[in-house]
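# Results of the structural survey
Here is what each chain is made of, one letter per residue.
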Amino acid sequence: MLLPFPLILFITLAMVFHAGLPTGLPVAVVDLDGTMMSHQVTRMVDATPDVDVKLQLASLSEAKRALVSRKAYAVLYIPKNMERDLQLGHRPNLVMFINNQLYTTGSITHRAIASALSTFNVGVSIQTRMARGADRDSATAAVEPIPLQINPLFNPTLNYIQFLLAAIMPAILQIFVSVSAALSFSRDHHTAAGMPRAMRLGGSAFRVIAGKLLPYTIIWSMMLMLTDAIIFGGFDGSFHGNIAFHFVYGAIFILASQFLGACGALLSRDTAATLGFVGVLTAPAFGFAGVSYPRIMMNQFARWWGDMIPLTSYLELRTDQVLRGTPIHYSLPEFYWALATMVGWLLLLVVLVQADAYKKSKKKAQAQGEMA
């Protein structure tokens, strides 16, 4: 739990995302026109770095089989007489089919092919106007009367390492952190004299919690730093924020995850139920964190569930500091919520530890009284 499994998963994830950005995704072209202009369209699509024209097929039935077998993630259909229709001033319909069940590849192939076709359309429009006597500047201005300048911020290359791998690894780490804390407390909770003995040796619930979790806190903090080393060292990820603040909210994330797991142990009837309870809280946490699906579109229960899990605040703060370079005072509301979440789980854990110790001490006293 402490070293082998997390390391294996981190290395595996690093190997999966090592390219950073999916490129050269295979696509197919069904060219029924077979003219120089249709070949130019195919070359322009193939020239985009995101896709690679691997198949040139003769019919849509072949294209369908290619999509189903995943030999191609998208199909571009060029109809007959495309060049002739363009020369006559008509508007031929080029059709794109994408496999949007695979949302990521569907979005990438759609964006790449649409961009190539848009460039081709602009070129055709400019050449048509120039053929009618317009100069290049006026033809370009007529085709694009309002130029649009697009500036992608914070992750301009759409690098999956920066926003996806950097979120998945803490999500997996949270599971291990919570489960290890749960197993640590489960041993005392599920034995008759475990928690009273711990309270007697520790003297207070806070000291019991600190004694049981501090060694794990140190180890898991080092593991969290390892994830940063993979992102910033192994993949040359950029960091735009405050490094000290980054370490502070990282420590809060580790502590809150531990307190959550320990509470799960003290609320469960046995070790198996403990693992199930903690798994229900932490395993789907990535889905509630707003990385893959925006939290603003979630219902109130989903937002409440996400707010309760330490991962959500951690990823929001991490995005602010690592990608956006947000000034600290703008991140303080989310930081205070992360701190409140940690304190809330801690206070609940203190109450549960004291209640468990008192309950078992009382049972022991009653049993001794009955024997006497």
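Residues numbered from 1 in each chain as written. Predicted model: local features only at pLDDT ≥ 70, side-chain atom pairs only at ≥ 80, totals over all residues. Heavy atoms only, no water.

On to the packing of helix α10 (residues 243-266) against helix α14 (residues 310-324), then. In the contact formed by α10 and α14, the axes pass within 9 Å of each other and the chain directions differ by 170°. If you check the angle between α10 and α14, you find them roughly antiparallel. Residues F245, H246, Y249, G250, F253, A256, S257 and L260 of α10 form the contact with α14, whose participating residues are P310, L311, Y314, L317, R318, Q321 and V322. Each residue belonging to the contact of α10 with α14 can be placed in one class, and the counts come to 10 nonpolar, 4 polar and 1 charged. (Axes fitted to C-alpha atoms, helices over the stretch in contact; angles between N-to-C directions. Helix = DSSP H or I, 4+ residues; strand = E, 2+ residues; numbered from the N terminus. Parallel < 35°, antiparallel > 145°, perpendicular 65-115°, else oblique. Contact = heavy atoms within 4.5 Å. Nonpolar A, V, L, I, M, F, W, Y, C, P; charged D, E, K, R; others polar.)

What follows concerns the pattern of salt bridges. The tally for this structure, following the rule as stated, stands at 9 salt bridges. Across the pair D50 and R111 runs a salt bridge whose closest N-O atoms are separated by 3.9 Å. Residue D50 is located in the loop between α2 (36-47) and β2 (51-57), and its partner R111 is located in helix α5 (residues 103-131); the two are separated by 61 residues in the primary sequence. Relative accessible area serves as the criterion here: at 15%, D50 is assigned to the buried category. Classification of R111 by relative accessible area gives partly exposed; the value is 36%. Here D85 makes a salt bridge to R84, at a shortest N to O gap of 3.4 Å. (Salt bridge = Lys/Arg side-chain N within 4 Å of Asp/Glu carboxyl O. Buried < 20%, exposed > 50% of the residue type's maximum accessible area, 1.4 Å probe, protein only.)

Taking 1.5 Å per residue, 12 residues should reach 16 Å; α2 reaches 16 Å between its end C-alpha atoms and fits that length. Listing the buried residues of α2 in full gives M37, S38, V41, T42 and V45. Buried residues of α2 fall within an arc of 150° about the axis and therefore sit on the same side. With respect to the buried face of α2, the exposed residues turned more than 90 degrees away are M36, R43 and A47. Against the buried residues of α2 lie β1 (25-31), β2, β3 (74-78), α4 (82-87) and α5. (Expected span 1.5 Å × (residues − 1). Arc of directions from axis to C-beta.)

So, on to the packing of helix α9 (residues 205-234) against α14. One can describe the packing of α9 onto α14 by two numbers: an axis separation of 15 Å at closest approach and a directional angle of 40°. Two packed elements cross with a definite hand, and for α9 against α14 that hand is right-handed. For the pair α9 and α14, the contacting residues are L224, D228, I231 and F232 in the first and Y314, R318 and V322 in the second. When the residues that make up the contact of α9 with α14 are grouped by side-chain class, the tally is 5 nonpolar, no polar and 2 charged. (Left-handed = near helix turned anticlockwise from the far one by under 90°.)

Turning next to the side chain of S268. Within the element layout of this structure, S268 appears in the loop between α10 and α11 (271-282). Looking at S268, its side chain comes within polar contact range of the main-chain oxygen of G264, at 2.6 Å. Ignoring sequence-local partners within four residues, the contact set of S268 consists of H189, H190, A273, T274 and F277. (Polar contact = N/O pair within 3.5 Å; in protein donor to acceptor, adjacent residues only side chain to side chain.)

Given two aromatic rings, one states the distance between the centres and the angle between the planes to describe the pair. What the rule picks out here adds up to 11 aromatic pairs. Seen from their ring centres, W304 and W305 are 6.3 Å apart, and the 70° between their planes marks the pair as edge-to-face. The class for W304 is partly exposed, based on a relative accessible area of 47%. On the basis of relative accessible area, W305 is assigned to the buried category, the value being 15%. An aromatic cluster is present here, built from F245, Y249, F253, Y314, F335 and Y336 joined pairwise through their rings. (Phe/Tyr/Trp six-rings, centres within 6.5 Å; stacked < 30°, edge-to-face > 60°.)

With 7 of 7 residues buried, β1 is to be regarded as a mostly interior element. Burial along β1 is two-sided: L25, V27, V29 and D31 facing one way and P26, A28 and V30 facing the other are all buried. Where β1 meets β2, 6 bridges bridge the pair, whose relative direction is parallel. In the sheet register, V27 faces β2, and the bridge partner there is V53. Since β1 and β2 lie parallel, the crossover through α2 that links them has a hand, and here it is right-handed. (Pairing = 2+ DSSP bridges. Right-handed = clockwise from strand over helix to strand, strands pointing away.)

A few words now on the sheet that holds strand β4 (residues 95-98). As summarised here, the arrangement of the 4 strands in space is β2-β1-β3-β4, forming an open sheet in which the pairing is mixed. Two strands close off the open sheet at either side, each with one partner strand: β2 and β4. The average undirected angle you get between the axes of adjacent strands in this sheet is 25°. Bridge count for β3 against β4 is 4 bridges, and the pairing is antiparallel. Its bridge partner lying in β4, V75 is registered against F97. Along the sheet, α5 contacts β1, β2, β3 and β4; its crossing angle with β4, the most-contacted strand, is approximately 165°.

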